[in-house]
Structures are given as C-alpha cells and as structure tokens.
Amino acid sequence: MRMNAREHVPRLRRAAAALILACVALALAACDPPEDRYTTAQAPSGGNPSHGASLIRQYGCGECHIVPGIAGAEGLVGPPLNKLARRVYIAGVMRNSPDNLMAWLQDPQAVVPGNAMPRMGLNRDQARDITAYLYTLR
Ligand code: HEC
C-alpha cells in the first residue's frame, strides 16, 4: 500500500520523537550516579602528595594556575585548580580519574592540541605525585 505525503508526516514525527527519547536515555545512561564519579576522582593514585606539592613549586605550575596550599601559585592563564578532586572533567574533555589526570599532566598537548599548557617533561612518578596532591583539593 502506498502512502501519500500527508501520512508520512506523523510517522516521521513519531520516528523523530523515538529517536530523541533514545538519545536522552543514552545520555542518562552515560552519566554515572554522583557517588560513583566522586569515588573515581578521589581514588588515591598511590603517589606522595607532599612530594607532589614540591614538584608543583619546582615546575612553576603556579605561574599559570591558582593552586590552594602552594604559596604564590596565583596564575590566571589556566583554570584554578581548587576542588580538583570534585571535578567531573579534566580540561572539559576527559573524565577526571587518576590515570587520566596523570596522562594530562604528562602530555596536555596530546589531549587538547594547541592549548596553552605546555608539556612540562614530567615522568610517570612525578605525574603520580602531583595527581596525589591535586586530589587532596576537594
Ligand atoms: C603556561 C601555562 C601553564 C602551565 C605552566 C601549566 N598549566 Fe595547567 N593548564 C593551563 C591551561 C591553559 C589549561 C586549560 C587547558 C584546557 O582546558 O584546554 C590547563 C589545565 C590544567 C589542568 C586541568 C584543569 C581543569 O580545570 O580541568 C590541570 C589539572 C593542570 N593544568 C595542572 C597543571 C600542573 C600540575 C602544572 C605544573 C606541572 C601545570 N598545569 C602547568 C596552563 C598551564
């Protein structure tokens, strides 16, 4: 049976509505409950936070960031790092987890090419210690 153009319209509307519902359901499914995402961000990275604080001073992160607990860290080039442990995203693109934060610290250019944070030449242990410090910021 052939349908005329008028019969197509409600069908298309229904299909569009179903598609939108499916997208909303998917988007909701992708959002973990808050408890879960905070647990992820607060999971200890196994690093040494006080060594991380020394590295943050040594590498001059404070030239670009406000970092609570680090004297003179008042830079405004990058976002303030207060409450970092409670952030859901790193640089707005990556889930905030210890592994992702370490990856960001080691090579921010690989994550967001062209952003103003340079590769600082941190090795994995240094990135882990800095991550441990940043996760004390809640
Ligand atoms: C030359 C300036 C500069 C320096 C030095 C720098 N950063 Fe950044 N940083 C930035 C900028 C700009 C961003 C934002 C990048 C983006 O969102 O694309 C950023 C983002 C970040 C983020 C993600 C913050 C968020 O809100 O998602 C963290 C964490 C971070 N930097 C930590 C550090 C640490 C630790 C150091 C030192 C080892 C450091 N940065 C050194 C400029 C800098």
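Chemist: Looking at this model, I keep getting lost on the coordination of the iron atom of the ligand. Mind explaining?
Modeler: Put simply, the ideal angle at a metal is 109.5 degrees for four donors in tetrahedral geometry and 90 or 180 degrees for six donors in octahedral geometry. Protein-derived ligands of the iron atom of the ligand are His65 (NE2) and Met117 (SD), with the metal-ligand distances lying across 2.0 to 2.2 Å. Around the iron atom of the ligand sit six donor atoms, and with donor-metal-donor angles ranging over 86 to 178° the site reads as octahedral. Highlighted residues: His65 in the loop between helix 3 (49-58) and strand 1 (89-90) and Met117 in the loop between helix 5 (108-111) and helix 6 (124-134), separated in sequence by 52 residues. Looking at His65, the relative accessible area reads 11%, which means it is buried. Its relative accessible area of 17% is what places Met117 among the buried residues.

Chemist: Please clarify how the pattern of salt bridges should be interpreted in this entry.
Modeler: Oppositely charged side chains can pair when the atoms bearing their charge come close. A complete count under the given rule lists two salt bridges for this structure. With a shortest N-O distance of 3.1 Å, Asp125 and Arg128 are connected by a salt bridge. With a gap of three residues between them, Asp125 and Arg128 both fall in helix 6, about one helical turn apart.

Chemist: Explain the site of the ligand here, please?
Modeler: Near the ligand you find 21 residues, and of these Cys61, Cys64, His65, Arg87 and Met117 are the closest. A distance of 2.8 Å is found between a nitrogen atom of the ligand and a side-chain nitrogen or oxygen belonging to His65. Separating an oxygen atom of the ligand from a backbone N or O atom of Ala91 is a distance of 2.6 Å. Elements with a contribution of two residues or more to the shell around the ligand: strand 1 and helix 4 (98-106). Considering each element in turn, the shell around the ligand owes the most residues, three residues, to helix 4. Here the shell around the ligand is composed, by residue class, of 17 nonpolar, three polar and one charged.

Conventions used here
- Residues numbered from 1 in each chain as written.
- Predicted model: local features only at pLDDT ≥ 70, side-chain atom pairs only at ≥ 80, totals over all residues.
- Heavy atoms only, no water.
- Donors = N, O, S within 2.8 Å, 3.2 Å for Na, K, Ca; no water.
- Tetrahedral: all angles 85-135°; square planar, octahedral: opposite > 155°, others 65-115°.
- Helix = DSSP H or I, 4+ residues; strand = E, 2+ residues; numbered from the N terminus.
- Buried < 20%, exposed > 50% of the residue type's maximum accessible area, 1.4 Å probe, protein only.
- Salt bridge = Lys/Arg side-chain N within 4 Å of Asp/Glu carboxyl O.
- Near = heavy atom within 4 Å.
- Polar contact = N/O pair within 3.5 Å; in protein donor to acceptor, adjacent residues only side chain to side chain.
- Nonpolar A, V, L, I, M, F, W, Y, C, P; charged D, E, K, R; others polar.

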